[in-house]
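One-letter residues, chain by chain:
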Amino acid sequence: MNSPILITGGAQRIGLAIVEHLLTAGFTVILSYRTHHPAITELATKGAISLHADFTDNESVTNFIAEVRRHCSSLRAIIHNASSWDCEANREDLATLFDDMMRIHAKVPYLINHGLLDYLARCDEGADIIHITDYVVETGSPKHLAYAASKAALDNLTRSFAVKCAPHIKVNAIAPSLIIFNQHDSDEYKAKTLQKSLMGIEPGCEEVIRSIELLLNSRYITGRSIPVDGGRHLK
Ligand SMILES: NC(=O)C1=CN([C@@H]2O[C@H](COP(=O)(O)OP(=O)(O)OC[C@H]3O[C@@H](n4cnc5c(N)ncnc54)[C@H](OP(=O)(O)O)[C@@H]3O)[C@@H](O)[C@H]2O)C=CC1
Ligand SMILES: Nc1nc2c(c(=O)[nH]1)N=C([C@H](O)[C@@H](O)CO)CN2
């Protein structure tokens, strides 16, 4: 078995699209899921290994790392995709919101990277860590303050791990703005959001997949963040 690619939050939306692409490309894929989405059953028929993980505390992360280590002996890449786009308007307890955002977007990737560096080092062809961050790392977000700060922490970890892990392991980030809407998004929200970028479209998961392919096929890019944002920074 070739060295698998590990992705967190791989059972729906962008994560699921990445899993399906990697399976089609011939990779072995290990994914984490929190909710047992219907897609998990089909992914199993394609050979994907789905491991349940709700990253609520340190023990859940430690247990997940141990479970991954039981299912493989090396790793080609780790893609940190799991995320919670929560906001201050939705939560009364801002201290818990802040902790939740920092845990899923910074602490979990930090612990998983450290816990599996030796498995990445065993991949003969070189290995990759990819952090999925967000355009708001550059700007902040007045409605998602803790979310944006936690994604900025993940962005910073990209550079630290790039120095720590070179040259065998490359570490990069992908910083999307709108990729795909959520089912509950109103027409008004969609119109307002589409106006925020120069391209003015909902690009779809393929834009993130193309960036992942660029990084997996590079032997030189590391410590960088690929903006996938439709020119939003120039609007
Ligand atoms: N969608 C977009 O337009 C944009 C996305 N991004 C980033 O791209 C990535 C993928 O986005 P998208 O597909 O929309 O993400 P989702 O909002 O669909 O979340 C991805 C997955 O993260 C999992 N997750 C959330 N919290 C936890 C937790 N505590 N423990 C374990 N798993 C958890 C969810 O599990 P569960 O199955 O339980 O729901 C979900 O499947 C994210 O990092 C996101 O921040 C950035 C900018 C724009
Ligand atoms: N975990 C998530 N993070 C983000 C999402 C999402 O649905 N889940 N969506 C966005 C928005 O698309 C934003 O980029 C544009 O309004 C940001 N992060």
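Residues numbered from 1 in each chain as written. Chains lettered and ligands numbered in written order. Predicted model: local features only at pLDDT ≥ 70, side-chain atom pairs only at ≥ 80, totals over all residues. Heavy atoms only, no water.

- Within an unreviewed UniProt entry, the label attached to the chain reads Dihydromonapterin reductase, and the organism entered is Pseudoalteromonas fenneropenaei.
- Recorded in UniProt for the chain, the comment headed Sequence similarities (unreviewed entry) runs: "Belongs to the short-chain dehydrogenases/reductases (SDR) family. FolM subfamily."
- Per its UniProt entry, the chain bears the Function (unreviewed entry) comment "Catalyzes the reduction of dihydromonapterin to tetrahydromonapterin. Also has lower activity with dihydrofolate." (UniProt positions renumbered as here; feature names shortened; annotations may be inferred.)

## Section: empty space enclosed by the protein
At step 1: Scanning all chains against the criterion turns up one cavity of 30 Å³ or more.
At step 2: For the largest cavity, the full set of lining residues is His80, Asn81, Ala82, Ile104, His105, Pro109, Ile132, Lys151 and Leu154.
At step 3: Residue assignment for the lining of the largest cavity shows that the elements contributing at least two residues are helix H4 (94-121) and helix H6 (145-165).
At step 4: Considering every element that reaches the lining of the largest cavity, the biggest residue donor is H4, with three residues.
At step 5: Tallied by class, residues from the lining of the largest cavity come to five nonpolar, three polar and one charged. (1 Å grid on protein atoms, 1.4 Å probe; cavity = no way out; pocket = protein on both sides within 12 Å on 5 of 7 lines; lining within 4 Å. Points joined across faces, edges and corners; volume = space filled by probe spheres on them. Helix = DSSP H or I, 4+ residues; strand = E, 2+ residues; numbered from the N terminus. Nonpolar A, V, L, I, M, F, W, Y, C, P; charged D, E, K, R; others polar.)

## Regarding the site of ligand 2
At step 1: Lining the immediate environment of ligand 2, one finds Arg13, Ser83, Ser84, Trp85, Asp134, Tyr147, Ser177, Leu178, Asn182, Tyr189 and Thr193.
At step 2: One nitrogen or oxygen atom from the side chain of Arg13 is found 3.0 Å from an oxygen atom belonging to ligand 2.
At step 3: Here an oxygen atom of ligand 2 and a backbone polar atom of Leu178 are 3.5 Å apart.
At step 4: Its residues placed into classes, the shell around ligand 2 shows four nonpolar, five polar and two charged. (Near = heavy atom within 4 Å. Polar contact = N/O pair within 3.5 Å; in protein donor to acceptor, adjacent residues only side chain to side chain.)

## Things to note about unusual backbone geometry
At step 1: A cis amide bond links Ala166 to the next residue, Pro167, at an omega of 0°.
At step 2: For Pro167, the position within the fold is in the loop between H6 and strand E6 (169-176).
At step 3: A positive phi is found at Arg13, a non-glycine position, where the angle reads about 50°.
At step 4: One can find Arg13 in helix H1 (residues 13-24).

## Re the sheet that holds E6
Pairing between sheet strands relies on hydrogen bonds along the backbone, with the strands arranged either parallel or antiparallel.
At step 1: The sheet built from seven strands is open, its strands ordered E3-E2-E1-E4-E5-E6-E7 with parallel pairing. Each of the sheet's edge strands pairs with one partner strand only, and the pair in question is strand E3 (49-52) and strand E7 (225-228). Along the sheet, successive strands turn relative to each other by an average axial angle of 15°, direction set aside.
At step 2: As defined by bridge partners, strand E1 (residues 5-7) adjoins strand E2 (residues 29-33) across three bridges and the pair is classed as parallel. (Pairing = 2+ DSSP bridges. Axes fitted to C-alpha atoms, helices over the stretch in contact; angles between N-to-C directions.)

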